[in-house]
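If you want the building blocks of each chain, they are given just below.
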There are 2 protein chains.
Amino acid sequence: MKFRLTALFIFVFFVATAQTVQSPSKEISVNFKLNSEGKPYYNVTYKGKSVIIDSYLGFKLKDLPDFDKNFAVINSQSSSVNNEWKPVLGEVAVIKNNYNELKVSLLQQSTKRKVDIVFRVFNEGVGFRYEFPKQDQLDYFIVSKEETQFNLTGDHKAFWIPGDYDSQEYVYNETPLSKVDNDKLNLNNGIALKSVGGRYVIQSPLMMKSKDGLYINIFEAAVINYPIMHLDLNINNFSLTANLAPNAVGDLAFLHAPFNTPWRTVMVSDDARKIVSQKMVLNLNEPSKIADVSWIKPMKYVGIWWEMHVGKSSWDYKGSQNAQNQQTGASISVPHGATTENTKRYIDFAKKNGFDGVLVEGWNTGWEDWNGHWKDEVFDFVTPYPDFDIKAISEYAKQQGVKMIMHHETSGAVASYERHLDRGLENMVKYGYPAVKTGYVGRIIPRGEYHDGQTMVNHFNYVPQRAAEYKLMVNSHESSRPTGVHRTWPNYIAAEAARGNEFNGWSSGNPPAHETILPFTRLLGGPMDYTPGIFEIKMNVYKPGSDEQVHTTLAKQLALYVTLYSPLQMAADLPENYEKHADAFQFIKDVAVDWQDTKVLEAEPGDYVTIARKDKNSENWFLGAITDEHARESKVALDFLTPGKKYKAVIYQDGKKADWKNNPKSYEIKTQTVTSKSELKLKLAAGGGTAVSFFPLN
Amino acid sequence: MKFRLTALFIFVFFVATAQTVQSPSKEISVNFKLNSEGKPYYNVTYKGKSVIIDSYLGFKLKDLPDFDKNFAVINSQSSSVNNEWKPVLGEVAVIKNNYNELKVSLLQQSTKRKVDIVFRVFNEGVGFRYEFPKQDQLDYFIVSKEETQFNLTGDHKAFWIPGDYDSQEYVYNETPLSKVDNDKLNLNNGIALKSVGGRYVIQSPLMMKSKDGLYINIFEAAVINYPIMHLDLNINNFSLTANLAPNAVGDLAFLHAPFNTPWRTVMVSDDARKIVSQKMVLNLNEPSKIADVSWIKPMKYVGIWWEMHVGKSSWDYKGSQNAQNQQTGASISVPHGATTENTKRYIDFAKKNGFDGVLVEGWNTGWEDWNGHWKDEVFDFVTPYPDFDIKAISEYAKQQGVKMIMHHETSGAVASYERHLDRGLENMVKYGYPAVKTGYVGRIIPRGEYHDGQTMVNHFNYVPQRAAEYKLMVNSHESSRPTGVHRTWPNYIAAEAARGNEFNGWSSGNPPAHETILPFTRLLGGPMDYTPGIFEIKMNVYKPGSDEQVHTTLAKQLALYVTLYSPLQMAADLPENYEKHADAFQFIKDVAVDWQDTKVLEAEPGDYVTIARKDKNSENWFLGAITDEHARESKVALDFLTPGKKYKAVIYQDGKKADWKNNPKSYEIKTQTVTSKSELKLKLAAGGGTAVSFFPLN
């Protein structure tokens, strides 16, 4: 009798606590359970293969009982969603949103506190989050530790960077998980401010490939009023646990019920292209909170920027500060970049070549002593240098039909930026600047806060909200990396938040594989202002004897406009360098930045990416193909083109002897007529790429 | 030979390093020296008596060599100043500024770093500061410890409160220095947020009296971009050392040469009245940075405020939040105070009785959940509750000729206030509010910062600067205590920053001696918005059974308008309470708040204060006399009155059987004719006071 009772009890227990939810495709399954201590856990399978093995969920709360065990399931609820929506700007004109949801309501029996765990399973992967309902037993609370685990099945190959609370501007490491070790990294990498959370702390999005060919990605979506999630890796059992960036007093998150955490995401596929083309991060974010989005526009732009990176000019008025001496502090004397005259030159260039905008950095006072001193008041965001006639410039730009992009470098002095923000934005309105590039180089003030902590996440979300009130667009640099929040605030059109092209101008740079990894990592969260288009590839043109260079061929720089999605794309090189290669420059002039459709044709993280996209406003298609340090040949079917239409294909490809290191500027341009039945033979040099424009002929 | 050389060397050494500077009166001498290790020190004497014995000066700097020894004197310079200036608002119309200065320039021989120590010796005491000149060897630096000492000569009687980085709202303790012990204090005192720096850390201004009758005060002036100075007391040898409020990362001050520290002050006299009437703190501050000061006006005001303290109404719309339940969190339901109707009632009352302004607290959204949760976004400073028609109210006030005082409670969420400040101030301009009362109840955000740290000092100085751009006046509550900076920003017209009258409404309150100490401590730094004038003294009127009360007689409440200087004075009680005592209320209606002249007639810290002041805009004089818990009689000569003039003196004095505890509301009003040759016999009840108006008859 006793045996039978026990068996019955166990049976009832499992009925009450085990829950399963599958993707619409039924390829992905998520199982949720409570263990014998009432600890919640989940696992994930893909096509019957284990992806995430049993992994615990829960929290430690400050000055309150742990919130990770002694739970009972008091309700569970399933639902399905299948609809679509139109992003303001995007890779596709219409986004499908199709998932099955499981909401498990838990009661902690010892404390009567409640939390819901919600799983949404898309064909691309799983999103889950914690929802703390309004309740008497849990009002204001502080997270000391988020215990969410992602326990992996083996020693996958990983594309990882250190879990740094202040920077993501690292070169990716490609190693098995067991070889992750921040202590063994060469950190002489051009990153000025590093705050690595520990030896085995790595960043999300974490892209992996299992030995049996599954592409697995751990990330998050909709990080709002919560710190960025890094990952603690156990190199022995390949368990990952959430590692949240702390705040100035060492706590992780100050919360107030009702509160929903960000979504934790597990994407999985046996086809790498499906990771690159996922839309679940956007789908897990809230719809636009901006009613009138008519003023949110894509932009292709040039600017006074690369000059300061290669050392030709300075940010400050007296000519002492540029990227060449930013870290060395060496004394230099060069012309100031942001003069009225030079700005007019860029405006003329933009007009002549059909660019929408001109960015000018170094226009405002503060640059003379801006960096490295954890200084509270650096910039006021309204006072131009005497040689920058902002009124005359804004009038001239208006006459030429060119939009000016404001620059607000903060030097990390965020308290000061918030103090001055309204005035800075009003100044933009006054002079007709529709967009601002913000910058956060340096240690954060409020002192003790990190770029990835809750305080700064809130700041990075606050600026676009405030800017929206003035109908201004935002492009943040050195912010925390995006998690799809631009769906909700679509005027937040781009961010940097990864190692951009600029590092090639004054450091060990970005290896050729770098841009093949970004679509699997940083770009999953949103558009990146990578600033491609560097034609003058070797820095010894500017700095005799330098072996620094962009790790690319010229043709690859063109392909990046397609492979690295952003509705805000810079043609980053100097006008005079484009004028030397007017034929190749034509691609940058032609390429679209906002898209009707996107097809990921080929993709392998760390190796290659080939993407075709259709302009949102025409029948033109564009294709970009890039490779890593290895030359590559492939054939791609052009079946994405409209059947029955003929297209003029203009193909910008690496020269026969092109090579990123020894012959980067060699390229060929050929034109042919193609249809949807054609195949295109791609031939990419080491570190090279191909860019193609398709113009319909009928 | 050898002996002689040594003797010569010592001789030269002393000539080079020993310096003396005296007050213009020659009563005070300061001696500066270097010891054999090159450590700088000073001492102070008064009329030949030692006041400060040899006390070291210097700093520990973060990540840099100590900056406190190995100095040589490279220059010393003496100068004298004797001029006068007119404060915008003040206790006197003209302030004399007369001091002798010694500037000693020091070179740290091991590091070649320079610092100047500047002493200014007034007849009232000594001010000295460190001036770090611009130099190659010291650019940006961080103070880890300020080693400034004030070594006292004995176990003086001290009026002290704990060195709390977040609050000064303490009752003063009157003990010998040797009995200071924060651990023995009863901290059930109504202060919600306490951050005491250590067992023997006490606040400056520190008022003391030596056994041989010297009144000695340690304070500071012109605290700008630097933390507030508390004092580490050694209870064995009576040495005091600077204890600066730290910032969120544990550092004390982020500085950039050239930089001058605040002035450290030692006031000394054998006449207590000279401490109360000192002007050296103002003289040590910079002149006004506001060119047009015509809009800076004194104000006597009433407001919707005390109702929330005694529990009659609430700050929030739904009636759940007032001072009665702020700390208990008990559930209450009372009417909302800041309604349009109630505000109009106060406007009518102000107009009828000749008050300049009306303060309204609880007018804006956020109060429903404002306190105690270290919450980032609480108030937006622009959105009124639905029952507060800000437009109608501002129009009505304008019609009645009454000025509205805006209230900006921040809940300590300073980052949020700075984010919203421009909009909050613009909102004031829009509705014609000329002044704002700011509030900082609660833990500071940026988290980890204290009210007294460098970050918050900067904030408290920033708000009046920003407000000045909109021609708005500022009155801060729960700010760091003033140090005369209102000379530089004269629109910063008042502050609370000590235990105000409000504590009598809902806590153990302020003992009768409290207001006799404030002129020797808090008021040395600037005007205090103490909010006197409570006529309904016992709280059992509002809360049956309560033994809480204002520790005062009614007549003393009148006297406080004279003894506690502020150009912004509230008549804090409810209109209906004033209407019950219209005869006594006449004094509040008559009393001036901005002054031509001030005479401190009698003063003893902790015992009594008697002050006479002449209205800046008439020939009227007003006199206030207060005592502690002991009844007191004295005679004061009226020789401050203009000779040859006759005055009608209206004397508001305690009733014969008045007593703060048992019979506080008993008062007598009598009128007599006096001249400058008259004497006035004062008879103050226990906890009582006398107020006198003098109106010229010819």
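Remember, predicted model here, so these are calculated numbers, not experimental data.

Concerning the relation of the copies chain B and chain A
Inference 1: Taken as rigid bodies, chain B and chain A are interconverted by a rotation of 180° and an axial shift of 0.0 Å, the fit giving an RMSD of 0.0 Å. One copy is carried onto the other by what is essentially a two-fold rotation axis.

Looking at the packing of helix α7 (residues 414–431) of chain A against helix α8 (residues 454–469) of chain B
Inference 1: Closest axis-to-axis distance for the α7 of chain A/α8 of chain B pair is 13 Å, and the angle between their directions is 15°. Put simply, α7 of chain A runs roughly parallel to α8 of chain B. Considering how the two elements wind past one another, α7 of chain A and α8 of chain B form a crossing that is left-handed. Contacts between α7 of chain A and α8 of chain B involve Arg419, His420 and Arg423 of chain A from the former and Tyr462, Arg466 and Glu469 of chain B from the latter.
Inference 2: Per-class residue counts for the contact of α7 of chain A with α8 of chain B are 1 nonpolar, 1 polar and 4 charged.

So, the packing of aromatic side chains
Inference 1: Here the structure, examined in full by the defined rule, presents 78 aromatic pairs over all chains.
Inference 2: When the centroid spacing of 5.9 Å and the interplanar angle of 80° are considered together, the rings of phenylalanine 640 of chain B and phenylalanine 694 of chain B count as edge-to-face. Residue phenylalanine 640 of chain B is located in the loop between β32 (632–637) and β33 (647–654), and its partner phenylalanine 694 of chain B is located in strand β36 (residues 689–696); the two are separated by 54 residues in the primary sequence.
Inference 3: For phenylalanine 694 of chain B, a relative accessible area of 0% translates into the label buried.
Inference 4: Grouping aromatic residues by their ring pairs yields a cluster made of Trp315, Trp367, Trp370, Phe379, Phe381, Tyr417, Tyr440 and Phe460 of chain A.
Inference 5: In this structure, arginine 443 of chain B is placed above the aromatic ring of tryptophan 374 of chain B, and the distance from its NZ or CZ to the ring centre is 3.5 Å.
Inference 6: Over the face of the ring belonging to tyrosine 608 of chain B we find arginine 632 of chain B, whose NZ or CZ atom lies 3.5 Å from the ring centre.

Here we look at the nonpolar core
Inference 1: Val358, Phe587 and Ile588 of chain B are the most contacted members of the largest nonpolar core, which totals 137 residues.
Inference 2: Once you skip the residues sitting within four places of it in the chain, phenylalanine 587 of chain B turns out to touch Leu558, Tyr561, Val562, Phe622, Leu623, Tyr652, Ala691, Val692 and Ser693 of chain B.
Inference 3: Among the nonpolar cores identified, the runner-up in size contains 136 residues, and Phe349, Met404, Leu518 and Ile611 of chain A belong to it.

Observations concerning the pattern of salt bridges
All names here are of chain A.
Inference 1: Within this structure, the stated rule accounts for 96 salt bridges over all chains.
Inference 2: Here lysine 96 makes a salt bridge to glutamate 84, at a shortest N to O gap of 3.8 Å. Here lysine 96, found in strand β7 (residues 95–108), pairs with glutamate 84, found in strand β6 (residues 71–85); they are 12 residues apart in sequence, far enough to count as distant. By the burial criterion, lysine 96 is exposed, and glutamate 84 matches it.
Inference 3: For lysine 391, the salt bridge is made with glutamate 395, and the minimal N-O distance between the two is 3.3 Å. In this pair, lysine 391 and glutamate 395 are both assigned in helix α6 (residues 390–400), 4 residues apart and thus about one turn of the helix distant.
Inference 4: Taking relative accessible area as the criterion, lysine 391 reaches 48% and is therefore assigned partly exposed.
Inference 5: Classification of glutamate 395 by relative accessible area gives partly exposed; the value is 40%.
Inference 6: Through salt bridges that share partners, Lys60, Asp66, Asp68, Lys69 and Glu147 make up one connected network.

As for the environment of isoleucine 235 of chain A
Inference 1: Mapping isoleucine 235 of chain A onto the fold places it in the loop between β17 (229–234) and β18 (239–244).
Inference 2: Aside from chain neighbours lying at most four places away, what touches isoleucine 235 of chain A is Leu177, Ser178, Val180 and Tyr200 of chain A.

A few points about the sheet that holds strand β30 (residues 608–615) of chain B
All names here are of chain B.
Inference 1: Reading across from one edge, β29-β30-β31-β36-β33-β34 is the order of the 6 strands in this open sheet, with antiparallel pairing throughout. Looking at strand neighbours, the two that pair on one side only are β29 (595–604) and β34 (667–674), the edges of this open sheet. The average angle at which neighbouring strand axes cross in this sheet is 15°, direction not considered.
Inference 2: Direction of pairing for β30 relative to strand β31 (residues 621–627): antiparallel, over a ladder of 7 bridges. Among the inter-strand pairings, tyrosine 608 is bridged to a residue of β31, identified as threonine 627.

Points about the interface of chain B and chain A
Inference 1: With 28 residues of chain B at the interface, the matching set in chain A holds 28 residues.
Inference 2: Counting each side, the surface lost to burial between chain B and chain A is near 2400 Å², with a carbon and sulfur contribution of 46%.
Inference 3: Summed over the shared surface of chain B and chain A, the result is 6 salt bridges.
Inference 4: A salt bridge links glutamate 418 of chain B to arginine 419 of chain A; the shortest N-O distance between them is 2.6 Å.

Some words on the sheet that holds strand β24 (residues 403–409) of chain A
Residues and elements named next belong to chain A.
Inference 1: One open sheet accounts for 7 strands, arranged β27-β26-β25-β24-β23-β22-β28; its pairing is parallel. In the strand order of this sheet, the two ends are held by β27 (492–495) and β28 (568–570), each with one partner. Within the sheet, the average angular offset between the axes of one strand and its neighbour, ignoring direction, is 25°.
Inference 2: Pairing between strand β25 (residues 435–439) and strand β26 (residues 473–477): 5 bridges, direction parallel. Bridge assignment links valine 436 to a residue of β26, and that residue is valine 474.
Inference 3: Across the sheet, α7 touches β24 and β25, and the angle it forms with β24 is around 170°.

A short note on the side chain of serine 634 of chain A
Residue and element names in this part refer to chain A.
Inference 1: On the secondary structure map, serine 634 appears in strand β32 (residues 632–637).
Inference 2: In terms of polar contacts, serine 634 uses its side chain to reach the side chain of glutamate 602, at 3.1 Å.
Inference 3: If we ignore the near neighbours within four places in the chain, the residues touching serine 634 are Glu602, Leu680, Lys681 and Leu682.

Brief notes about the pairing of strand β23 (residues 357–360) of chain A
Residue and element names in this part refer to chain A.
Inference 1: Side chains Gly357 and Leu359 of β23 all project onto a buried face; the interleaved residues Val358 and Val360 project onto the opposite face, where all are buried too.
Inference 2: Relative to β23, strand β22 (residues 299–304) runs parallel, the two being bridged by 4 bridges. Across the sheet, isoleucine 304 pairs through a bridge with valine 360, a residue of β23.
Inference 3: Pairing geometry for β23 and β24, over 3 bridges, is parallel. Bridging across to β24, valine 358 finds its partner in methionine 404.
Inference 4: What joins β23 to β24 is α6, and the crossover it makes is right-handed.

Definitions and limits used
Residues numbered from 1 in each chain as written. Chains lettered and ligands numbered in written order. Predicted model: local features only at pLDDT ≥ 70, side-chain atom pairs only at ≥ 80, totals over all residues. Heavy atoms only, no water. Least-squares fit on C-alpha atoms with pLDDT ≥ 70 in both. Axes fitted to C-alpha atoms, helices over the stretch in contact; angles between N-to-C directions. Helix = DSSP H or I, 4+ residues; strand = E, 2+ residues; numbered from the N terminus. Parallel < 35°, antiparallel > 145°, perpendicular 65-115°, else oblique. Left-handed = near helix turned anticlockwise from the far one by under 90°. Contact = heavy atoms within 4.5 Å. Nonpolar A, V, L, I, M, F, W, Y, C, P; charged D, E, K, R; others polar. Phe/Tyr/Trp six-rings, centres within 6.5 Å; stacked < 30°, edge-to-face > 60°. Buried < 20%, exposed > 50% of the residue type's maximum accessible area, 1.4 Å probe, protein only. Lys NZ or Arg CZ within 6 Å of the ring centre and 35° of its normal. Core = buried A, V, L, I, M, F, W, Y, C linked by side-chain atoms within 4.5 Å. Salt bridge = Lys/Arg side-chain N within 4 Å of Asp/Glu carboxyl O. Pairing = 2+ DSSP bridges. Buried area = accessible area lost by both parts, 1.4 Å probe. Polar contact = N/O pair within 3.5 Å; in protein donor to acceptor, adjacent residues only side chain to side chain. Right-handed = clockwise from strand over helix to strand, strands pointing away.

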